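One-letter residues, chain by chain:
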Amino acid sequence: MSSPLICHFEPLDTWFFREARPHGSMGNSELGSQFPPPVRTLLGALRTAIGDAWFARHGGDWGGLGSNAALQALIGLGDDLGPLRASGPFLRLDGQRLYPAPAHLMAKTHGGQQHHFLLGLGDVVHCDLGRVHLPAMPRQVAGLPELAGSQPAGGWVTHSGMERLLKGLPPLNHEVISPAQLWSEEPRLGIGRDNARRGVQEGLLYQTRHLRLRPGVALELHLAGLPDASLLPAQATLRLGGEGRQAALRVQQAPLSLPTGPAIAPGARFVLHHLTPSACAAGLPAGIAPGLMRRQHEGADCWEGELAGRPLRILAAACTRPLREGGWDLAQHQARPVQSLLAPGSVLYAQNLSGDSLPSTAFAAAADASGRGLCLAGVL
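Right, let's walk through the structure included here. (Residues numbered from 1 in each chain as written. Predicted model: local features only at pLDDT ≥ 70, side-chain atom pairs only at ≥ 80, totals over all residues. Heavy atoms only, no water.)

### Topic: the pairing of strand β8 (residues 130-136)
Two strands pair when backbone bridges link them, and strand β7 (residues 120-127) and β8 are joined in this way by 6 bridges, in the antiparallel orientation. Within β8, the position partnered with Cys 127 by the bridge is Gly 130. Joining the antiparallel neighbours β7 and β8 is a turn of 2 residues. (Pairing = 2+ DSSP bridges. Helix = DSSP H or I, 4+ residues; strand = E, 2+ residues; numbered from the N terminus.)

Pasting the structure below:
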């Protein structure tokens, strides 16, 4: 049986992971970076490294991948990952993993000090969504005379901060990490090249915004299912993201250890934390998994069904801005269709319909092979 691997990516210069807009799109000529990058980007770099090592041992090249059954048995083909299973990506700061701050985590500065608190589940209201529950402010927060002016905290939380969230408690101030603590942005101006005549294409200027990570900041992706781990070197330098910027790869064998919290009692309400992006089902509200059916419960619209084999009822959602993910299909030599994803940090207010208590990792099995849909259950 193959051992699970942790793959660490560290930049050697700046990184650029282009957002899902074409150059020259209406309204803005500058393209920013999506960070953390799509899992497909990191998996592509790892599958390329594995394939290069395989060709070095057995001969051949990428031109024959379509008929190379032996290599496909290791890395799959196209969107089919074969035996590979990924989890992440996650950010790391000074050796510890970070998790996206949940959308129901609020912050307000008062008296020169930052205060954090959590949105609860409000009463049933009638709105354009129907008769539904909405996230609601608590009546009072210690240290704050009023809650007006509070904003979503955003950013990331540490491992200990995530464990506090799973217990239904806001993280401590030092457990909340802002983007400014992780990277800075650098605007760049580029030109379109004509490689045939080794010149410049007139009129093709473009602007991008690169990311320069702070010292100690890295990316982490967990990889399982690789039959021969020796094909992935313990240390290597590879190209990653837009412009093929260099990254240092470090691989070690270790399982994925997620934060844990109290078990969710039968019938209890809880919060479902999305740690990675999740696919949005066609015709369903954001965050509602395929197979869940619209129901009425205590005068409110809700969604009932099973997730990872566990029966539950979705009562409300607190979502951040959806992710728009596209990219380039190297096999087909064309742009990938842009799709909307439920952003990491989104939370669902749910109720345990099982007759058994649910561990905090009960819904982690809902994640697909690329790691999308990784969730943890926390106390409400």
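### Topic: unusual backbone geometry
In most cases, non-glycine residues show a negative phi, while peptide bonds are predominantly trans. Here the residue pair Phe 35 and Pro 36 is connected by a cis peptide bond, since its omega of -5° sits within 30 degrees of zero. By secondary structure assignment, the location of Pro 36 is in the loop between β2 (30-31) and α1 (39-58). Pro 89 follows Gly 88 through a cis peptide bond whose omega is 5°. When you line up the elements, Pro 89 lands in strand β3 (residues 85-93). One non-glycine residue, Asp 94, lies in positive phi territory at about 50°. Among the secondary structure elements, Asp 94 is positioned in the loop between β3 and β4 (96-100).

### So, α1
Over its 20 residues, α1 runs 28 Å from end to end, which matches the ideal 28 Å to within 8%, given 1.5 Å per residue. Within the sequence span of α1, burial applies to Val 39, Leu 42, Leu 43, Ala 45, Leu 46, Arg 47, Ala 49, Ile 50, Gly 51, Trp 54 and Phe 55. Gly 59 lies just past α1 and shows a positive phi near 85°. (Expected span 1.5 Å × (residues − 1). Buried < 20%, exposed > 50% of the residue type's maximum accessible area, 1.4 Å probe, protein only.)

### A word on the sheet that holds strand β9 (residues 151-152)
The strand order across the open sheet built from 3 strands is β6-β5-β9, with neighbouring strands paired in antiparallel fashion. With one partner strand each, in any of the chains shown, β6 (113-118) and β9 form the two edges of the open sheet. By the bridge criterion, 6 bridges tie strand β5 (residues 105-110) to β6 in an arrangement that is antiparallel. Bridged to Met 106 within β6 is Phe 117.

### With respect to helix α3 (residues 159-166)
Along α3, the residues that are buried comprise Gly 161, Met 162, Leu 165 and Leu 166. All buried residues of α3 lie within an arc of 145° about the axis, which places them on one face of the element. On its buried side, α3 packs onto β4, β6, β10 (156-157), β17 (269-274) and β27 (375-379). (Arc of directions from axis to C-beta. Contact = heavy atoms within 4.5 Å.)

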